[in-house]
Amino acid sequence: MRHLIKIWVMLGLAFLALPLLVIIPLSFTSGQYMVYTPEMVALDPSAYSTKWYLEVIHDRDWILALKNSLFIGVSAALLSTLFGTLAALGLSRAGTPMKGLWTALILMPQIVPIVVTAGGIYAAFSDLKLIGTYTGVIIAHTVLAAPVAVITIRASLERFDWDLVAASSTLGAGPLLTFRKVTLPLIRPAVIAGAIFSFATSLDEVVVIQFIGAYKQKTVPIQMLIGLREHLSPAILAVATMLVFFAVVILILSEVMRRRSDAYAQNTRKA
Amino acid sequence: MAETSLSRAPVRTVSWRPKPSSAVGLCLIAPLVLLVILFLVLPLLRFAFLSVDNINVAGALSRTAQAMKNHPAGPVPDDAVFAAFGQDLARDPEGVAKLAARLNFFEGGMNSLVRKTTAQLGKIEPNRVGFITFDKRWGEPKTWRAISLATHSVIPEYYLNALDMRTSDPSSAFSIEAKPEGQRIYLRLWSRTIFVALFVVSVCTLVGYPIAYYLSKARGAVFTCAMGLVLLPFWTPLLARIASWQVLLESNGVINSILVGSGLVDAASRPQLLNNLFATVLVMSYVLLPYAVLPTYAVMNRVQPSLFSAALTLGASPLRAFFSVYLPQTLPGVLAGGILIFVLSFGFYLTPELVGGPSGSLIGNLIAYNFSQSLNWGLAGALSTMLLLVIAAAALLLRAVRPKPARKA
């Protein structure tokens, strides 16, 4: 029984990991198609090359997509972290009324199906003349990414010692100085993690951009979508592999931030 | 340790806390809440409004509506109504363009019929015979069913269409009939979406529960590795995951190559793994599996292991101890994960679009189709509103079973 469960668990973990691992060697193919050739299976060095990676980093479309993803992602991450930090502080304060309602509203973009959101935003943006503009895409991504920032930052505020804020104001610091010198340093790891997760959310978003963006705003996932629909070239796998490594980086960064956040919590408790 | 707690105690007692003002908290929340209201809540409300709204079109038909009221007739009206309809067509070209597009949603072919008639209006006698001579469709009851429907400012038609139904007699309220056999699409899509959602929930629970259990027992490097395997797909952008499944499932793809290479399957009869319902269910289960593992793991982490061993000591078989002690304790996590997966899979769009083909598409795909290709925003709005209602109901259920946030001792 115990062994059967263990085998089942291993199969489950393999199901999670294998699809991502399968594409990594394939992205280094020297062939034209996304199939493992007999030479690749035999580990013949000539069957492998980095040509698809070179193609991606020299291709005008991919470069534009990468620039757009960075610009839109960073802008949306900054905005959603700013709004998200404020909202998380407001939601964590004692005395804020109707917290349940505000939380539900703020988390709504996570629950409403993305295709419904995309339709609604398209309809709203066509009145506001925001279709096909960077402003429009950044606003939409800010709304979509903010819940992630709020959840991350609020989790760290749950362990926050509000006596420190009270102490700071008793000692004569105004609210802004208190925030800058007391609150922010303590929640900084969570704020950084929130910004990273917001960026990842924006980088992952395709459906809304597909509805409201123009060619000019095409991002990496949009370029992948075009590739998946039209011509299956191993270049997509090179990009997908880079994105898997991006996910690894995010995982490690978020773990580092979580440990730091824990360390801060421990320190404040000891102090 | 004792020192610190001693030195801390007096601080606690004299700590001065200003009475927290509600205004500051609200001001901090306001920017984000306003953003969400402006760019999500209001657009969704407008969508809901579009799904019943017919004011502009009804306005373009005002004279026809008046004439219909004064001269009630059979399925095809009399001369007075035809004359009024002719005046309406001549009166407001912009309104007529909207009217033609709208009528086409109620009855196929109406768009071209109205446009053609409007263009030639001068040559048509403004009476019943004149219109029918110009095009015999003006003498058909279904044409006038659509026009009569369009004279109302608020219409339930899109909601009925979303359930493969329609108004049979627009002059009387609540006369509803099923659409003819060949035009039914949506009921099949709704039931398919529910079936897929439930199926994905069961797959994810069956695969996810043991993984969560394993994670809650694992320590050190084993834990880090296993948790990494769960979180890696979770953080990998969706399109990269879909791309890898396309590589695996293609007819020349990795799985088929292995099947053919190992001689299990003849090269000519490779199974079709992509662009069908199977691919939709498989890839959706893959995408949503972490949502089953993580909440269950969080709950398992807080379960007292002593209770399970107590049950064993008291003579319960491991199986009995599992079903009557461990499972009930971890059930909130399973339910939370299950409902979350149900909610998320109900609105899936991109995955079925890319791996599902026609037989694997879901209600989300029809929303996108009606919105951006058929430009039938009313029907897209009705489908969206119904989808949101299902999801809201499930989300309320989720709130009821959500495990309390973990507290570190």
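Residues numbered from 1 in each chain as written. Chains lettered and ligands numbered in written order. Predicted model: local features only at pLDDT ≥ 70, side-chain atom pairs only at ≥ 80, totals over all residues. Heavy atoms only, no water.

Participant: Before we go on, may I ask you to explain the pattern of salt bridges in this structure?
Facilitator: All names here are of chain B. Under the criterion given, the structure shown has 12 salt bridges over all chains. With a closest N to O distance of 2.8 Å, Lys 116 and Asp 135 form a salt bridge. Residue Lys 116 is located in helix 7 (residues 110-119), and its partner Asp 135 is located in the loop between helix 8 (128-134) and helix 9 (141-150); the two are separated by 19 residues in the primary sequence. Glu 181 serves as the salt-bridge partner of Arg 184, at 3.6 Å between the closest nitrogen and oxygen. (Salt bridge = Lys/Arg side-chain N within 4 Å of Asp/Glu carboxyl O. Helix = DSSP H or I, 4+ residues; strand = E, 2+ residues; numbered from the N terminus.)

Participant: What's the story with the interface of chain A and chain B in this structure? I'm lost.
Facilitator: The figure often quoted for interface size is the accessible area lost as the parts come together. Tallying the contact residues gives 90 residues for chain A and 78 residues for chain B. Between chain A and chain B, a total of about 7400 Å² is buried, with carbon and sulfur atoms accounting for 80% of that surface. Remark: the boundary between chain A and chain B carries two salt bridges. A salt bridge links Arg229(A) to Glu353(B); the nearest nitrogen and oxygen atoms lie 3.4 Å apart. (Contact = heavy atoms within 4.5 Å. Buried area = accessible area lost by both parts, 1.4 Å probe.)

Participant: Quick question: what am I supposed to make of the packing of aromatic side chains here?
Facilitator: Aromatic ring pairs are defined here through the distance separating the ring centres and the angle between the ring planes. For the coordinates displayed, the defined rule picks out 32 aromatic pairs over all chains. Plain terms: the ring middles of Tyr122(A) and Trp377(B) are 5.8 Å apart, the flat faces sit at 85 degrees to each other, and that makes the pair edge-to-face. Linking Tyr122(A) in helix 6 (residues 114-128) with Trp377(B) in helix 20 (residues 377-401), this pair reaches from one chain into another. Ring geometry for Phe82(B) against Trp144(B): centres 4.9 Å apart, planes inclined by 70 degrees, an arrangement best described as edge-to-face. Of this pair, Phe82(B) sits in helix 5 (residues 79-91) while Trp144(B) sits in helix 9, placing them 62 residues apart in sequence. A relative accessible area of 0% means that Phe82(B) is categorised as buried. Three or more aromatic residues joined by ring pairs make a cluster, and in this case those are Tyr209(B), Tyr213(B), Phe308(B), Phe322(B), Phe323(B) and Tyr326(B). Its guanidinium or amino end placed over the ring of Phe134(B), Lys116(B) lies 5.5 Å from that ring's centre, counting from NZ or CZ. (Phe/Tyr/Trp six-rings, centres within 6.5 Å; stacked < 30°, edge-to-face > 60°. Buried < 20%, exposed > 50% of the residue type's maximum accessible area, 1.4 Å probe, protein only. Lys NZ or Arg CZ within 6 Å of the ring centre and 35° of its normal.)

Participant: Quick question: what am I supposed to make of the environment of Ser69(A) here?
Facilitator: Take Ser69(A): it is sitting in helix 4 (residues 60-92). Note: C-alpha distance between Ser69(A) and Asp59(A) (10 residues apart in sequence) is 15 Å.

Participant: Would you mind going over the confidence of the model for chain A with me for this structure?
Facilitator: In low-pLDDT segments, the atomic positions of the prediction should not be examined closely. Across chain A, pLDDT averages 89, with 97% of residues at or above 70. No element of chain A has a lower mean pLDDT than helix 2 (residues 38-41) of chain A, which averages 80, and none a higher one than helix 4 of chain A, which averages 95. (pLDDT = per-residue confidence, 0-100.)

Participant: Quick question: what am I supposed to make of a nonpolar patch on the surface here?
Facilitator: The grouping of Leu4(A), Ile7(A), Trp8(A), Leu11(A) and Leu206(B) at the surface amounts to a nonpolar patch, some 550 Å² of accessible area in total. For the nonpolar patch, the leading source of residues is helix 1 (residues 2-26) of chain A, giving four residues. Tracing the sequence through the fold places Trp8(A) in helix 1. (Patch = residues over 30% accessible without salt bridge, like charges linked within 9 Å, V, L, I, M, F, W, Y side chains within 5 Å. Areas by Shrake-Rupley, 256 points an atom, 1.4 Å probe, with all protein chains shown as cover.)

Participant: Got a minute to help me understand the packing of helix 5 (residues 99-111) of chain A against helix 7 (residues 134-157) of chain A in this structure?
Facilitator: The geometry of a pair of packed helices is captured by two quantities: the angle between their axes and the separation between those axes. Residue and element names in this part refer to chain A. In the contact formed by helix 5 and helix 7, the axes pass within 7 Å of each other and the chain directions differ by 125 degrees. As summarised for this structure, helix 5 and helix 7 are arranged oblique, according to the angle between their axes. Between helix 5 and helix 7 lies a crossing whose hand is left-handed. On helix 7, the residues touching Thr 103, Ile 106, Leu 107, Pro 109 and Gln 110 of helix 5 are Val 143, Leu 144, Pro 147, Val 148, Val 150, Ile 151 and Arg 154. Tallied by class, the residues present in the contact of helix 5 with helix 7 amount to nine nonpolar, two polar and one charged. (Axes fitted to C-alpha atoms, helices over the stretch in contact; angles between N-to-C directions. Parallel < 35°, antiparallel > 145°, perpendicular 65-115°, else oblique. Left-handed = near helix turned anticlockwise from the far one by under 90°. Nonpolar A, V, L, I, M, F, W, Y, C, P; charged D, E, K, R; others polar.)

Participant: It is not clear to me how the environment of Ala178(B) should be interpreted in this structure. Could you clarify?
Facilitator: Within the secondary structure layout, Ala178(B) lies in strand 2 (residues 176-178). Those residues within four positions of Ala178(B) in sequence are excluded, and the remaining contacts are Asp164(B), Met165(B) and Arg184(B).

Participant: How should the packing of helix 8 (residues 162-170) of chain A against helix 9 (residues 175-204) of chain A be read in this particular structure?
Facilitator: Residues and elements named next belong to chain A. Interhelical geometry of helix 8 versus helix 9 gives an angle of 165 degrees and a closest axis separation of 10 Å. One element, helix 8, and the other, helix 9, form an angle in the roughly antiparallel class. Pair helix 8 / helix 9 crosses with right-handed handedness. Residues Leu 164, Val 165, Ser 168 and Ser 169 of helix 8 form the contact with helix 9, whose own contacting residues are Thr 178, Val 182, Thr 183 and Leu 186.

Participant: Help me out: how do you make sense of the confidence of the model for chain B in this one?
Facilitator: Residues and elements named next belong to chain B. Per-residue confidence for chain B averages 87 on the pLDDT scale, and 92% of its residues sit at or above 70. This stretch, residues 1-15, has a pLDDT under 50; its non-local contacts, to residues over four places away or in other chains, come to seven contacts. The low-confidence segment residues 405-409 (pLDDT under 50) makes three contacts with residues lying over four places distant or belonging to another chain. Across the assembled chains, the prediction reports ipTM 0.91 with pTM 0.88.

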